[in-house]
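Observations on the model geometry
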There are 2 protein chains.
Amino acid sequence: MSAIPRYYQAKTRLLDLLSELPDNTPFPPERELAELFGMSRTTIRKALDELVLEGKLIRRAGRQGTSVAPRKQVHRLSLDALVQDLATRESVVVRTIGAQDVINVESVLIRGDEPIGVRSTYLRASQFPGFAELYDRGAPLRKFLSDRYQIRFGELHPWCTTALATPRLAGMLEVRPATPVLSIAWMAHDLRGVPVERSWVVLRGDRTHLTMHAASVTPPVLAGRALG
Amino acid sequence: MSAIPRYYQAKTRLLDLLSELPDNTPFPPERELAELFGMSRTTIRKALDELVLEGKLIRRAGRQGTSVAPRKQVHRLSLDALVQDLATRESVVVRTIGAQDVINVESVLIRGDEPIGVRSTYLRASQFPGFAELYDRGAPLRKFLSDRYQIRFGELHPWCTTALATPRLAGMLEVRPATPVLSIAWMAHDLRGVPVERSWVVLRGDRTHLTMHAASVTPPVLAGRALG
DNA sequence: CAGTGGTCTAGACCACTCT
DNA sequence: GAGTGGTCTAGACCACTGG
């Protein structure tokens, strides 16, 4: 056996083929590729799997088959816009959870007709009397909390990691389960340090770039330590 | 065929088993699980694959086999520390590329004896005469550029997305190829807008949380637009 | 109906690592 | 040497979709 796995050789060849095809071009069927490359269909599928996870190919059941994914479809979302709840949304759902004390506001983020993310916020019902009745689902959540309940938010330090889409999330994002997603979460406090909002955003990793801010100058306190 | 794939049933059962085992416990071999569950080894492997990608299991070649991954092993890295190059590093390599005009500084980020990321920076050699000789590999890169070449950096807007580890990266990070990683990139300009630094950081998604800053108050200009 | 991707099987050989 | 995970094959059946 060669040092380079055959499925990786296949992936490289498929990538070459892919890069020369226009968006939405039908891709050769798996069985055809298997015969063409002299490999088993299983091996070809392993290569295709990775290309699908990277968002370079789209697979559909039935006669449609595999096709080249539309490129240049990377949506830039700013962290600030996510936090402020300014991204384009649809299907906003407000639920109460448990002993009616927790409010959950969940919305699907849409860009260019595609669902690209889910934003979910948890609030304490006792802190926001009448929320479910007063809240206009089209309004930015944070602005509403600020205007209606006079919340003044303090510093915010979201954290970000990767995850694999659960079956429920995969359904909402129209991707396969176990697709890699970007997971961003934060806890918001008011100026007195009282917890106000617990939020969580999941973005399709193959369709979004999250833009952020970074300190441009080294603060002395940071320079002395190893890490934050 | 049932509506729920067998490999997903296997995954659920394995997750139950997993949750009751302490960290680093040896996990049953694949062939044993296949017989126990009455499934083929291929199907069991598909379930195990996802658990490995989620960082819940660790697989090693040879007699060691599969074991329960150490939990609570999430390392918090701040975006600012990454940008300033303050994270703990090792094996810093300085290369020149092409017609000797591009300098590449690449380092492996280490936390708790594990490689958790790779930081790669590209500079123009003509802009930094003598860089390779002068640069102390242990020093924070940005501080060095600032001290030695009087660079003053302007605003910075890194962007972040998910990717799958290439074979080379996978080797450096000690993970399997196609493991989901967090990819953070930025272009740094000086105060006059001249491009200075092009950097790229890849972090193991299953071992790191990236912490960031977000604007705590809605700036008027942001509130009026849909997105940034 | 034919052809596609999705899943699953039984078996094989390899590289690696511990004993 | 024995047992592990990593890869690969050839073949099978299913669900779904279009003509």
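Conventions adopted
- In this numbering scheme, every chain counts its residues from 1 along its sequence in written order.
- Chain letters start at A and ligand numbers start at 1, both assigned in the order the entries are written.
- For this predicted model, a pLDDT threshold of at least 70 governs which residues receive local features, and a threshold of 80 or more governs which side-chain atom pairs are given and counted, while totals over whole chains, interfaces and linings are taken from all residues.
- Hydrogens are left out, water is left out, and the side-chain values use all remaining heavy atoms of the structure.
- Where helices and strands are cited, they refer to DSSP runs of H or I of at least four residues and of E of at least two residues respectively, numbered from the N terminus.
- Values of the radius of gyration come from C-alpha atoms, whereas the globule rule sets the reference at 2.2 Å times the count of residues to the power 0.38.
- Here's how the labels work: a residue is buried when its accessible area is under 20% of the maximum for its type, exposed when over 50%, partly exposed in between, all with a 1.4 Å probe on protein chains only.
- Two residues form a contact once any of their heavy atoms are found within 4.5 Å.
- UniProt positions are given in the numbering used here, feature names are shortened, and annotations may be inferred rather than shown by experiment.
- Note on definitions. A residue lies near a molecule or strand when any single heavy atom of the residue is within 4 Å of it.
- Contacts described as polar in this section are N or O atom pairs within 3.5 Å, which, within protein, must combine one atom able to donate a hydrogen with one able to accept it, while residues neighboring in sequence count only if both atoms come from side chains.
- Under the convention adopted here, Pro, Cys and the residues Ala, Val, Leu, Ile, Met, Phe, Trp and Tyr are nonpolar, Asp, Glu, Lys and Arg are charged, and Gly plus all remaining residues are polar.
- Only residues with pLDDT of at least 70 in both copies count here: their C-alpha atoms drive the least-squares fit that superposes the copies.
- Strands were regarded as paired on the criterion that DSSP finds at least two bridges between them.
- Axes here refer to lines fitted to C-alpha atoms; in helices the fit is confined to the stretch in contact. Angles between the N-to-C directions go from 0 to 180 degrees.
- Between 65 and 115 degrees an angle is taken as roughly perpendicular, under 35 as roughly parallel, over 145 as roughly antiparallel, and anywhere else as oblique.
- Note on convention: the crossing is left-handed when the near helix lies turned anticlockwise from the far helix by less than a right angle, right-handed when the turn is clockwise.
- Put simply, buried area is the surface a 1.4 Å probe can reach on two separate parts but cannot reach once they are joined, added for both.

The subject of this paragraph is the overall build of chain A. Assigned secondary structure in chain A consists of eight helices and ten strands. Against the compact-globule benchmark of 17 Å for 228 residues, chain A has a radius of gyration of 22 Å, which places it well outside the compact range. With the C-alpha coordinates of chain A rotated into their principal frame, the extents come out at 65 × 50 × 30 Å. By residue count, 48% of the 228 residues in chain A fall in the buried class. Within chain A, contacts between residues separated by at least 24 positions form 54% of all contacts whose residues are at least 6 apart in sequence.

Let us now look at the UniProt feature "domain: HTH gntR-type" (unreviewed entry) in chain A. If you check UniProt for "domain: HTH gntR-type" (unreviewed entry), the listed places come out as residues 4-71 of chain A in our numbering. Secondary structure across residues 4-71 of chain A divides into 51% helix and 12% strand, with the first and last C-alpha atoms of the span separated by 28 Å.

Looking now at the protein's contact with DNA strand D. In the vicinity of DNA strand D, 28 residues are found, and the nearest of them are Arg6, Ser40 and Thr43 of chain A together with Arg41 and Thr66 of chain B. Near-protein atoms of DNA strand D (within 4 Å) split between backbone and bases, with sugar and phosphate holding 65%. In this structure, Arg59 of chain B approaches DNA strand D through a side-chain N or O atom, which is 3.1 Å from a phosphate oxygen. Between DNA strand D and the protein, one listed contact pairs a base oxygen with a backbone N or O atom of Gly62 of chain B at 3.4 Å. Among the elements of the structure, α1 (6-19) and α3 (41-53) of chain A together with α2 (30-37), α3 (41-53), β1 (57-60) and β2 (65-68) of chain B are those that each provide at least two residues to the surface near DNA strand D. The leading source of residues in the surface near DNA strand D is α3 of chain A, at four residues. Split into classes, the residues belonging to the surface near DNA strand D amount to six nonpolar, nine polar and 13 charged.

If you rotate chain B by 179° and push it 0.4 Å along the axis, it lands on chain A with an RMSD of 0.6 Å. On the angle and the small slide along the axis, the relation comes out as a two-fold axis. Within chain B, Pro180 of chain B has its C-alpha nearest the rotation axis, a separation of 2.9 Å. A shared interface surface links the copies, since 96% of the contact residues of chain B are contact residues in chain A too.

Before going further, it helps to examine the pairing of strand β10 (residues 208-211) of chain B. Going residue by residue along β10 of chain B, you find Thr208 and Leu210 of chain B tucked away on one face and His209 and Thr211 of chain B tucked away on the opposite face as well. Where strand β7 (residues 159-164) of chain A and β10 of chain B come together, two bridges link them in antiparallel fashion. The residue bridging Trp159 of chain A from the neighbouring strand is Thr211 of chain B, located in β10 of chain B.

Around DNA strand C, a shell composed of 28 residues is seen, among which Arg41 and Arg45 of chain A together with Arg6, Ser40 and Thr43 of chain B lie nearest. Of what DNA strand C places within 4 Å of the protein, 64% of the atoms are sugar or phosphate. Ser40 of chain B is positioned with one of its side-chain polar atoms (N or O) 2.8 Å from a phosphate oxygen of DNA strand C. With four residues, the single largest contributor to the surface near DNA strand C is α3 of chain B.

Turning next to the packing of helix α1 (residues 6-19) of chain B against α3 of chain B. Residue and element names in this part refer to chain B. Relative to each other, α1 and α3 sit at 55°, their axes nearing to 8 Å. By the angle between their directions, the pair α1 and α3 is classed as oblique. Once α1 is placed against α3, the crossing between them reads as right-handed. Touching Arg6, Tyr7, Ala10, Lys11, Leu14 and Leu15 of α1 are Thr43, Ile44, Lys46, Ala47, Leu48, Glu50 and Leu51, all from α3. Looking at the contact of α1 with α3 residue by residue, the class counts come to eight nonpolar, one polar and four charged.

The interface of chain B with chain A comprises 53 residues on the first partner and 53 residues on the second. Together, the buried faces of chain B and chain A total about 4,600 Å²; carbon and sulfur atoms form 61% of this surface. For the pair chain B and chain A, the number of links is 15 residue pairs in polar contact (both at pLDDT 80 or more). Residues that form the side of chain B that touches chain A fall into these classes: 29 nonpolar, 15 polar and nine charged.

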